[in-house]
2 protein chains.
Amino acid sequence: MFTGLSAFPLTPLHNDQVDENAYRGLITRLAAAGVDSITALGSTGSYAYLSREERGRVAHLAVEHAGNVPVFVGIGALRTSHVLAHADDAAHAGASALLLAPMSYQALTENDVFELFRAVTEHTELPVIVYDNPGTTHFTFTINLYARIAQLPGIASIKIPALPSNSAEAQKRVQEIRSVIPANMTIGISGDQSAVGGLKAGCDAWYSVIGGTLPELAVKLTRLAQNDESQQATEESARLAPLWELNAEFGSLRVVAAIAEYLGLVLEKCLPLPIQGLNEQQRARVTAVVDQLDLA
Amino acid sequence: MFTGLSAFPLTPLHNDQVDENAYRGLITRLAAAGVDSITALGSTGSYAYLSREERGRVAHLAVEHAGNVPVFVGIGALRTSHVLAHADDAAHAGASALLLAPMSYQALTENDVFELFRAVTEHTELPVIVYDNPGTTHFTFTINLYARIAQLPGIASIKIPALPSNSAEAQKRVQEIRSVIPANMTIGISGDQSAVGGLKAGCDAWYSVIGGTLPELAVKLTRLAQNDESQQATEESARLAPLWELNAEFGSLRVVAAIAEYLGLVLEKCLPLPIQGLNEQQRARVTAVVDQLDLA
């Protein structure tokens, strides 16, 4: 279940309310495109900004409209008791697994984070995906902490940050992680520009921002990389360089929100304030890339 | 109102609930020690970890037990609409001012943060203190953004991070900030080890972690620095070096929580999980410093 393409949809807002209609459309679109799983309420799904009630509702909608596609649900929060409450809500909604990032306000120690994962795995019967995203959590995992957490019962996968672009270095890093985790635990790459390189370097899964909004493109890239047609996958990823450059400049959330708005999948200003999203000039650059690369 | 010592109390928890009894005791102690203001629900008060209901209740308790001491209330949250709700609750509780940090999960732009402060100042009639704490918010203000936000109606003060230890550099930095803000807006130093240096360099206020738990010590330091007995203030701050070193090593929140627990002001394990607080060995070092410096 923790292999292939996991698509991370936006949770679009409209006037500071979850736009349930648009969200249903996004989930239906992902299921139709044949993604391997859907991760609701990832960073791209703005989990950190939503209330418990909103998150419970979004998890329900995702499961309801995903058909047979397994739905993973992000349960991160700053306080452990809130994380456990989100885990209960996700289970109640019918989630197949939980995604947990160690969100921080005060800097966390390794032991704080280990105990957080222990509390969650003791609390739930659902598999847990470790979410390593230092750009948003401001917590940096060590390989030693990966190893300790991987021994907890129920840890199913680890979502790692972008790998080095050099393929030998990327492979070395994946092997280093593989050497400290159980054989049945998978490694998933994030950072869309790094996805094909990551799959080629031995990652089992791609936890994908762009897959949540442009699922056919992401499915195609994933299948090429999985079927040993890795030269084609590399070429296709290289063709998308203008998109990866926008992500690097503005952050993938703002870019993918602008794409979803341009494609009419969500209403304008779909991100939670204070995140303003891209301005008109920046949007024009995004839409030019969408047109140029024929992403629509 | 935005000068002198503003003391930042812990919001102690017990079994994942706000320990209202201990909190009343902390506030009463601050008022009795003659602090110039109390900032409830600062970073030290774990605002980021508490629910809206808990924060409203804590704000009420602070105002109720502060006597004539003005109470400022931290209203930060990841989502603008939540910040506005906290502002309403703080006003309802009788707060004299609001403290606002630009919390982030996704990195914020300068414009995102400016619009957040604009939304809040348009929404409330209470004065607003700008809370610049890149260590927790992961947002770095530029001097240009200070200048833009300072022009908004109702911005009363700015809480700046620790200054350079070199006094000429510290003075230069304070003058640089002063040159871009209105004359009636104050500058407050944070980073307790930097407080005396900051007051000597021209800061009007000290936004103090240690002042929330050891208010007599902080009042004494503040009065010495304010009354041009700055040599004595410098000497007293230098005497406290072992305390400042603990803060640098473990973070001031964990240290001040261990002190409050040692002094019996709060029950053990008063911090919100996942923050475990200091272990036994680390606590022993803190209590040794408390005894050695006669802080009890």
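The structure under discussion appears in the preceding block.
Let us look at the structure shown here. Residue indices follow the written sequence of each chain, beginning from 1 at its first position. Ligands are numbered from 1 and chains lettered from A, in the order in which they are written. Reporting of local features is limited, given that this is a predicted model, to residues whose pLDDT is at least 70; pairs of side-chain atoms are given and counted only at 80 or more, and all residues count toward the totals for whole chains, interfaces and linings. Excluded from the side-chain calculation are hydrogens and water; included are all heavy atoms of the structure.

With that settled, the discussion passes to the relation of the copies chain A and chain B. All copies are superposed by least squares; the fitting set is the C-alpha atoms of residues with a pLDDT of at least 70 in both. Once chain A is rotated about the relating axis by 180° and shifted along it by 0.0 Å, it coincides with chain B to within an RMSD of 0.0 Å. Between the two chains, the operation in question is that of a two-fold axis. Closest approach to the rotation axis among the C-alpha atoms of chain A is made by histidine 138 of chain A, whose C-alpha sits 4.0 Å away. Of the interface residues in chain A, 100% have counterparts in chain B that sit at the interface too, so the contact is made through matching surfaces. Whether two residues touch is decided by their heavy atoms; if any such pair falls within 4.5 Å, the residues are in contact.

What follows is about the interface of chain A and chain B. Across the boundary between the two partners, chain A contributes 34 residues, which contact 34 residues of chain B. Using a 1.4 Å probe, buried area is obtained as the accessible area two parts lose upon being combined, added over both of them. Its largest share of buried area at the contact with chain B, chain A owes to Tyr49, Arg79 and Tyr105 of chain A, together 28% of the area lost on that side. When a carboxyl oxygen of Asp or Glu is within 4 Å of a side-chain nitrogen of Lys or Arg, the pair counts as a salt bridge. Summed over the shared surface of chain A and chain B, the result is 6 salt bridges. Counted as a polar contact is a pair of N or O atoms within 3.5 Å, where, for protein atoms, one must be capable of donating a hydrogen and the other of accepting one, and residues adjacent in sequence contribute only when both atoms are in side chains. Joining chain A to chain B, the criterion identifies 25 residue pairs in polar contact (both at pLDDT 80 or more). Note on conventions: DSSP H or I runs of at least 4 residues are helices, E runs of at least 2 residues are strands, and numbering of each starts at the N terminus. Going through the elements one at a time, helix H3 (80–93), helix H4 (110–123), helix H5 (134–137) and helix H12 (252–262) of chain A are the ones with two or more residues in the side of chain A that touches chain B. If one sorts the elements of the side of chain A that touches chain B by residue count, H4 of chain A sits on top with 4 residues. Residues are grouped as follows: Ala, Val, Leu, Ile, Met, Phe, Trp, Tyr, Cys and Pro are nonpolar; Asp, Glu, Lys and Arg are charged; every other residue, Gly included, is polar. Residues of the side of chain A that touches chain B, tallied by class, amount to 16 nonpolar, 12 polar and 6 charged.

Our focus in this paragraph is the sheet that holds strand S4 (residues 37–40) of chain B. Residues and elements named next belong to chain B. Note: two strands are recorded as paired if DSSP finds a minimum of 2 bridges between them. Read once around its circumference, the closed barrel built from 8 strands follows the order S1-S4-S5-S6-S7-S8-S9-S10, with strand pairing classed as parallel. Recorded for the sheet is a direction-independent mean angle of 25° between the axes of neighbouring strands. Judged from the 4 bridges that link them, strand S7 (residues 128–131) and strand S8 (residues 155–160) form a sheet pairing that is parallel. Note on S8: the bridge partner recorded for tyrosine 131 is lysine 159. Its contacts with the sheet place helix H9 (residues 215–226) against strand S1 (4–7) and strand S10 (205–208), and it is angled at close to 160° to S1. Inter-axis angles, ranging from 0 to 180 degrees, are taken between N-to-C directions of lines fitted to C-alpha atoms, where helices are fitted over the stretch in contact.

The next point concerns unusual backbone geometry. All names here are of chain A. Here leucine 273 and proline 274 are connected by a cis peptide whose omega angle stands at 20°. On the secondary structure map, proline 274 appears in the loop between H12 and helix H13 (280–292). At leucine 41, a residue that is not glycine, the phi angle is positive and equals roughly 60°. Of note, leucine 41 is situated in the loop between strand S4 (37–40) and helix H2 (52–65). We note that serine 46 has phi near 55°; this positive angle belongs to a residue other than glycine. Note that serine 46 resides in the loop between S4 and H2.

Below, the discussion takes up helix H9 (residues 215–226) of chain A. Residue and element names in this part refer to chain A. Helix span is expected to be 1.5 Å times the residue number reduced by one. For H9, spanning 12 residues, the distance from its first C-alpha to its last is 16 Å, which sits close to the expected 16 Å at 1.5 Å a residue. Categorising residues by exposure relies on relative accessible area from a 1.4 Å probe, with only protein chains included: less than 20% of the type maximum marks a residue as buried, more than 50% marks it as exposed, and the intermediate range marks it as partly exposed. All of the buried residues along H9 are Pro215, Leu217, Ala218, Val219, Leu221, Thr222, Leu224 and Ala225. The elements touched by buried residues of H9 are strand S1 (4–7), helix H1 (20–33), helix H8 (195–200), strand S10 (205–208) and helix H10 (230–239). Taken from the residues just after H9, aspartate 228 is the one with a positive phi, measuring 65°.

So, about the nonpolar core. Here, nonpolar core means buried Ala, Val, Leu, Ile, Met, Phe, Trp, Tyr and Cys residues that are tied together by side-chain atoms lying within 4.5 Å of each other. Counting 231 residues, the largest nonpolar core has Phe117 and Ile149 of chain A together with Phe117 and Ile149 of chain B as its most contacted members. Dropping the residues within four chain positions of it, isoleucine 149 of chain A is found in contact with Val113, Phe114, Phe117, Val130, Phe141 and Ile155 of chain A.

The next subject is the sheet that holds strand S9 (residues 186–189) of chain A. Taking strand neighbours around the barrel as the criterion, the 8 strands line up as S1-S4-S5-S6-S7-S8-S9-S10 (chain A) in a closed arrangement whose pairing is parallel. Averaged over neighbouring strand pairs, the angle between their axes works out to 25° when direction is ignored.

All right, on to the side chain of serine 194 of chain B then. Residues and elements named next belong to chain B. Structurally, serine 194 can be placed in the loop between strand S9 (186–189) and helix H8 (195–200). A distance of 3.0 Å separates a polar side-chain atom of serine 194 from the backbone nitrogen of leucine 163. Setting aside anything within four residues of it in sequence, one finds serine 194 in contact with Ala162, Leu163 and Ile189.

Turning our attention to the environment of alanine 258 of chain B. Residues and elements named next belong to chain B. Inspection of the secondary structure assignment puts alanine 258 in helix H12 (residues 252–262). For alanine 258 and serine 165, which are 93 residues apart along the polypeptide, the C-alpha to C-alpha distance reads 26 Å. In this view, alanine 258 contacts Leu278, Arg283 and Val286; residues no more than four positions away in its chain are not counted.

This brings us to the pattern of salt bridges. If the charged atoms of two oppositely charged side chains come close together, the side chains can form a pair. The full count for this structure, using the stated rule, is 28 salt bridges over all chains. Notably, a salt bridge pairs arginine 79 of chain B with aspartate 16 of chain A, separated by 3.1 Å at the nearest N-O pair. Here the residue arginine 79 of chain B occupies a position in the loop between strand S5 (71–74) and helix H3 (80–93), and aspartate 16 of chain A occupies one in the loop between strand S2 (13–14) and strand S3 (17–18), the pair thus bridging two chains. A residue is classified by how much of its surface remains accessible, and arginine 79 of chain B, at 2% relative accessible area, is buried. Relative accessible area serves as the criterion here: at 31%, aspartate 16 of chain A is assigned to the partly exposed category. One salt bridge connects arginine 173 of chain B with glutamate 176 of chain B, and the closest N-O pair in it is separated by 2.9 Å. One end of the pair is arginine 173 of chain B and the other is glutamate 176 of chain B, both in helix H7 (residues 167–178) and 3 residues apart, which spans about a single turn. Classification of arginine 173 of chain B as partly exposed rests on a relative accessible area of 27%. One salt-bridge network, held together by shared partners, links Asp16 and Glu54 of chain A together with Arg79 of chain B.

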